[in-house]
Amino acid sequence: MSGKGGTGKTTVAAALALALATGGRRVLLVEVENRQGIAQVFDTAPLPYEERRIAVAPGGGEVRALAVDTEAALLEYFEMFYRLGMAGRTLRRMGAIEFATTLAPGLRDVLLTGKAKECVTRTEADGRPAYDAVVLDAPPTGRLVTFLDVTKAMADLAKVGPIHGQAEGVNQLIHSPLTAVHLVTLLSDLPVSETLDAVAELDRAEIPVGTVVVNRMREQWLPDRSLTAAAGGRVDAGRIAGGLQSAGIELAPDEIDGLVAETVEHAVAVAGETAALRRLDTEPDPPLPRLTLPAVLGGVDLGALYELAESMTAQGVHLEARR
């Protein structure tokens, strides 16, 4: 899950995880930006570098969360492939790990995506996948393809060896049907343009694109004919006052003027969103599947997060039951 900064991608990723877990599934929600965004969305303590249950989904499913720490992932990597153990921890104390990931930024992305890949491919004792789905709260669209296309990032760093093998394994997963990159947008010019640019960039990189999620969709309060007139500033204040009076509501002239101004503002905003939605429907070729999530007044708390997940489920988001 990615999107322009400020579009609510972490919230949408959390709602998607809940929706996919509905009905008894097990889903892992992963973050890689060291922001503790998942903990904030679920209103819980900061997450350690371990998988832990963070929410129960309707129907007995569960969402587990993992905040990937680059240094911890590199230590884990050293232990797995080089058996460094205590030496790896000594390197951490010396600051060598931070130096290595700063010197070779591609290494950081390989470690982060590599941990996600390990979670996707891990199996239980009976051979079943450990998780029915893994939702990765990825970096914003501006650096999404650079983050995901790890083989290119590591081309000059490691031609052979475990790091090369790790990058190749991640690359195969990301370019496979097991992966879909979903993009979150708001219905305004800049987020929509960045979303369309990201779709084109993902297509060029041959990384599968999934669904565009329109977040904070504004509810239209006026019929289409009235909306067009209001967006052009044509609102009959006398008719509004008369309608209110017939309902037993008396307002002062300045209050009527305020209602007229709000009506025009609402109509202009809805008209702009309609135009942005038209771009999403016509510019990608072929058009992408789309989900819409409503604006949540007062901010997203845990209850609202479940409501967003329910909205996703109602729009067809689901997984097959575990066997």
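Remember, predicted model here, so these are calculated numbers, not experimental data. (Residues numbered from 1 in each chain as written. Predicted model: local features only at pLDDT ≥ 70, side-chain atom pairs only at ≥ 80, totals over all residues. Heavy atoms only, no water.)

Asker: I would appreciate a short explanation of the sheet that holds strand S7 (residues 209–217) in the present structure.
Answerer: The strands making up a sheet associate through backbone hydrogen bonding, with each pair oriented either parallel or antiparallel. The strand order across the open sheet built from 4 strands is S1-S6-S7-S8, with neighbouring strands paired in parallel fashion. The sheet is open, and its two borders are formed by strand S1 (2–3) and strand S8 (290–294), each paired with just one other strand. Sheet analysis places strand S6 (residues 181–185) next to S7, joined by 4 bridges and oriented parallel. When the bridges of S7 are listed, Leu-183 appears paired with Val-212. (Pairing = 2+ DSSP bridges. Helix = DSSP H or I, 4+ residues; strand = E, 2+ residues; numbered from the N terminus.)

Asker: What am I meant to see in the packing of helix H12 (residues 237–246) against helix H13 (residues 253–282) here?
Answerer: How two helices sit against one another is set out by the angle between their axes and by the gap between those axes. In contact at an axis separation of 10 Å, H12 and H13 are set at 115° when each is read in the N-to-C sense. In terms of their interaxial angle, H12 and H13 are classed as roughly perpendicular. H13 is crossed by H12, and the crossing has right-handed handedness. Residues Ala-237, Ile-240, Ala-241 and Leu-244 of H12 form the contact with H13, whose participating residues are Ile-256, Leu-259 and Val-260. Grouping the constituent residues of the contact of H12 with H13 by class yields 7 nonpolar, no polar and no charged. (Axes fitted to C-alpha atoms, helices over the stretch in contact; angles between N-to-C directions. Parallel < 35°, antiparallel > 145°, perpendicular 65-115°, else oblique. Left-handed = near helix turned anticlockwise from the far one by under 90°. Contact = heavy atoms within 4.5 Å. Nonpolar A, V, L, I, M, F, W, Y, C, P; charged D, E, K, R; others polar.)

Asker: Explain the pattern of salt bridges here, please?
Answerer: Side-chain pairing between opposite charges can occur once the charged atoms of the two side chains come close. Inspection of every chain in the model, using the stated rule, returns 18 salt bridges. The partner of Arg-128 in a salt bridge is Asp-126, with the nearest N and O atoms 2.9 Å apart. Of the residues examined, Arg-128 reaches a relative accessible area of 29% and is grouped as partly exposed. For Glu-283, the salt bridge identified is with Arg-279, shortest N-O distance 2.9 Å. The class for Glu-283 is partly exposed, based on a relative accessible area of 44%. Since its relative accessible area comes to 23%, Arg-279 is described here as partly exposed. Each of Arg-26, Arg-53, Glu-62, Arg-64, Glu-124, Asp-126 and Arg-128 takes part in salt bridges that share partners, so that together they form one network. (Salt bridge = Lys/Arg side-chain N within 4 Å of Asp/Glu carboxyl O. Buried < 20%, exposed > 50% of the residue type's maximum accessible area, 1.4 Å probe, protein only.)

Asker: Whenever I open this one, a negative patch on the surface confuses me. Can you help?
Answerer: On the surface, Asp-43, Asp-301, Glu-307 and Glu-310 cluster together into a patch of negative charge. Positionally, Glu-310 belongs in helix H14 (residues 302–314). (Patch = residues over 30% accessible without salt bridge, like charges linked within 9 Å, V, L, I, M, F, W, Y side chains within 5 Å. Areas by Shrake-Rupley, 256 points an atom, 1.4 Å probe, with all protein chains shown as cover. Lys, Arg positive; Asp, Glu negative; His and termini not counted. Charge placed at Lys NZ, Arg CZ, Asp CG, Glu CD.)

Asker: What is the right way to read the environment of Leu-186 from this model?
Answerer: Considering the arrangement of structural elements, one finds Leu-186 in the loop between S6 and helix H10 (189–204). Non-local contacts of Leu-186, meaning those with residues more than four positions away in its chain, are made with Gly-6, Thr-7, Pro-191, Val-192, Asn-215 and Arg-216.

Asker: How should I be thinking about unusual backbone geometry in this particular structure?
Answerer: Most peptide bonds adopt trans geometry, and most residues besides glycine take a negative phi value. Between Asp-285 and the following residue, Pro-286, the backbone shows a cis peptide bond with an omega angle of 0°. By the secondary structure assignment, Pro-286 is in the loop between H13 and S8. A positive phi angle, close to 60°, is found at Asn-34, a residue other than glycine. Secondary-structure assignment places Asn-34 in the loop between strand S2 (26–31) and helix H2 (37–41). Positive phi, normally seen in glycine, also occurs at Gln-36, with a value near 55°. Counting through the fold element by element, Gln-36 comes out in the loop between S2 and H2.

Asker: Teacher, can you tell me more about the sheet that holds strand S5 (residues 133–137) here?
Answerer: Strand order in the open sheet made by the 4 strands is S3-S4-S2-S5, with mixed pairing throughout. Looking at strand neighbours, the two that pair on one side only are strand S3 (52–57) and S5, the edges of this open sheet. Neighbour to neighbour, the strand axes of the sheet diverge by 25° on average, direction disregarded. As judged from the 5 bridges shared by S3 and strand S4 (residues 61–67), these two strands associate in the antiparallel manner. The partner of Ala-55 across the bridge, within S4, is Val-63. Packed on one face of the sheet, helix H1 (residues 9–21) meets S2, S3, S4 and S5 and runs near 175° to S5.

Asker: Which parts of the structure should I look at to understand the pairing of S4?
Answerer: Regular strands show a simple pattern: their side chains alternate between the two faces of the sheet. The buried fraction of S4 is high, at 6 of 7 residues. Bridge count between S2 and S4: 6 bridges; the pairing is parallel. If you follow Val-30 over to S4, its bridge partner there is Leu-66. Counting the residues in the hairpin turn of S3 and S4 gives 3 residues, including Gly-59, whose phi is positive at 85°.

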